[in-house]
Each structure stands twice: as C-alpha cells, then as structure tokens.
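Close look at the chain arrangement
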Amino acid sequence: MAQKLKTGLAVIGLSILAIVAVELLARGVFVVRDALSEPDQRAEAPAFSGADYDVREWFEEDGRISSAYQPYVVWRPQPLQGRLINIDQEGNRFTAYNSASEDRLKIWMLGGSTTWGFGVPDDQTVPSQLSRLINQTWGLDAQVRNLGQRGYVST
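These lines cover the structure that appears in this document, whether it is placed above or below. Since we're looking at a predicted model, the values are computed, not measured.

1. A short note on the environment of Met 109
Mapped onto the elements of the fold, Met 109 is located in strand β5 (residues 105–109). Given a relative accessible area of 18%, Met 109 falls into the buried group. Residue contacts for Met 109: discarding those within four places in its chain leaves Thr 115, Val 126, Pro 127, Leu 130, Val 144, Arg 145, Asn 146, Leu 147 and Gly 148.

2. Notes on a nonpolar patch on the surface
A contiguous nonpolar surface patch, about 600 Å² in accessible area, is contributed by Leu 5, Leu 9, Ile 12, Ile 16, Val 20 and Leu 24. Here Leu 5 lies in helix α1 (residues 2–36).

3. Notes on the pattern of salt bridges
Note on pairing: side chains with opposite charge can pair once their charged atoms come close. The final tally for this structure, using the stated rule, is six salt bridges. Note that Arg 56 and Glu 44 form a salt bridge whose closest N and O atoms lie 2.2 Å from each other. Here Arg 56 is found in helix α2 (residues 55–63), whereas its partner Glu 44 is found in the loop between α1 and α2, with twelve residues between them in sequence. The exposure class of Arg 56 is partly exposed, given its relative accessible area of 41%. Since its relative accessible area comes to 48%, Glu 44 is described here as partly exposed. The shortest N-O distance in the salt bridge between Arg 150 and Asp 62 comes to 2.2 Å.

4. Notes on the nonpolar core
Ala 43, Phe 48, Tyr 53, Val 55, Trp 58, Phe 59, Ile 65, Leu 80, Leu 84, Ile 85, Ile 87 and Trp 116 together form the largest nonpolar core, which totals twelve residues. Of the residues forming this core, the biggest block, three residues, is contributed by α2. Non-local contacts of Phe 59, meaning those with residues more than four positions away in its chain, are made with Asp 40, Arg 42, Ala 43, Phe 48 and Phe 118. Counting five residues, the second largest nonpolar core, distinct from the first, contains Ile 107, Met 109, Ile 134 and Ala 142.

Conventions used here
Starting afresh in each chain, residues are numbered from 1 along the sequence in its written order. Given that this is a predicted model, residues contribute local features only at a pLDDT of at least 70 and side-chain atom pairs are listed and counted only at 80 or more, while totals for whole chains, interfaces and linings are drawn from all residues. Side-chain measures were taken over the full set of non-hydrogen atoms in the model, leaving aside hydrogen atoms and water. A run of DSSP states H or I qualifies as a helix once it reaches four residues; a run of E qualifies as a strand once it reaches two. Both are numbered from the N-terminal end. Whether a residue is buried, partly exposed or exposed follows from its accessible area with a 1.4 Å probe, protein chains only, as a fraction of its type maximum: under 20%, in between, or over 50%, in that order. For this analysis, residues touch if any pair of their heavy atoms sits within 4.5 Å. Patch definition: residues with relative accessible area over 30% and no salt bridge; like charges joined within 9 Å; nonpolar side chains (Val, Leu, Ile, Met, Phe, Trp, Tyr) joined within 5 Å. Computed with a 1.4 Å probe, the accessible areas rest on the Shrake-Rupley method; for each residue, only the protein chains presented here act as cover. When a carboxyl oxygen of Asp or Glu is within 4 Å of a side-chain nitrogen of Lys or Arg, the pair counts as a salt bridge. Among buried residues, those of type Ala, Val, Leu, Ile, Met, Phe, Trp, Tyr and Cys that are joined through side-chain atoms within 4.5 Å constitute a nonpolar core.

This is the structure:
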C-alpha cells in the first residue's frame, strides 16, 4: 500500500513539474517571438495619414487597456487615464464637450468599436462629436455618454 502511495505521489509531482515546465517554455517562446517580430504597422495605415494626433501613442495607450468579463457586454475595459484614451470606473470611454448644467439633456450612445472610438482620441469619437454639435454649435445643454464597447456582440 505504501509503495502505491509513493508511486501515486511521484506521478502527481512529476505531472505538476511537467506542466510548469511547459508553461515556462511557452512563455519563453512568446517573449522571443515578440522580441523578433516587426513593430506594429497599424499606425502606418493610410486611414491615419491626416491624423492630428500621434497615432503610435494612441496604439501604445490602446495596448495598455485591460479588460474583464462582464455579462451582456462580454469584455469591459478597466479604468485607464491616458493622454488620448480615458476610460472611467464603469468601463466607459470619456466624452468631450459635455455640458455640466443640472437640467441637461442626457443621451446614451450604444454600439461597437466605431461608437467606442477605435483609432481616435477621446475628443474625436462619434459621441464627443455629437456632444460638440449639440452643446457648442446648437447651443443646447446635453451630456452624451459613450456606452460603446469594443467587439460588442448581440447579447
């Protein structure tokens, strides 16, 4: 009986060591791959040729966004404060040009990555531009909330 127990414990121990070794090897492979890979070319896309902000900086900030699972929206970004991308405690992107008036009109914008503003700074997202139009051009008082999420799904 003692021999079977020793053998069982040895198998479990060796299995754990094998799993740890595979994990460390895989991490090493990814570190080497990332070191040898070419730099991110997305910032060089023709769509960004007329940008009035540092597109590389935008992609660097975007790379710092971490997400957590949340029902219905699936992945919700964690808070982030950057120069170009700001995400509040609820996981929503900052909207510029909002009114601070107590009796302001409240508008919620729902959608995917286009509403969220993938590739543009906070003040150039669709919700920010709507807020600018309503508050500055039309002279009304409104608060536009950007409830867009990256990779929004039908749920």
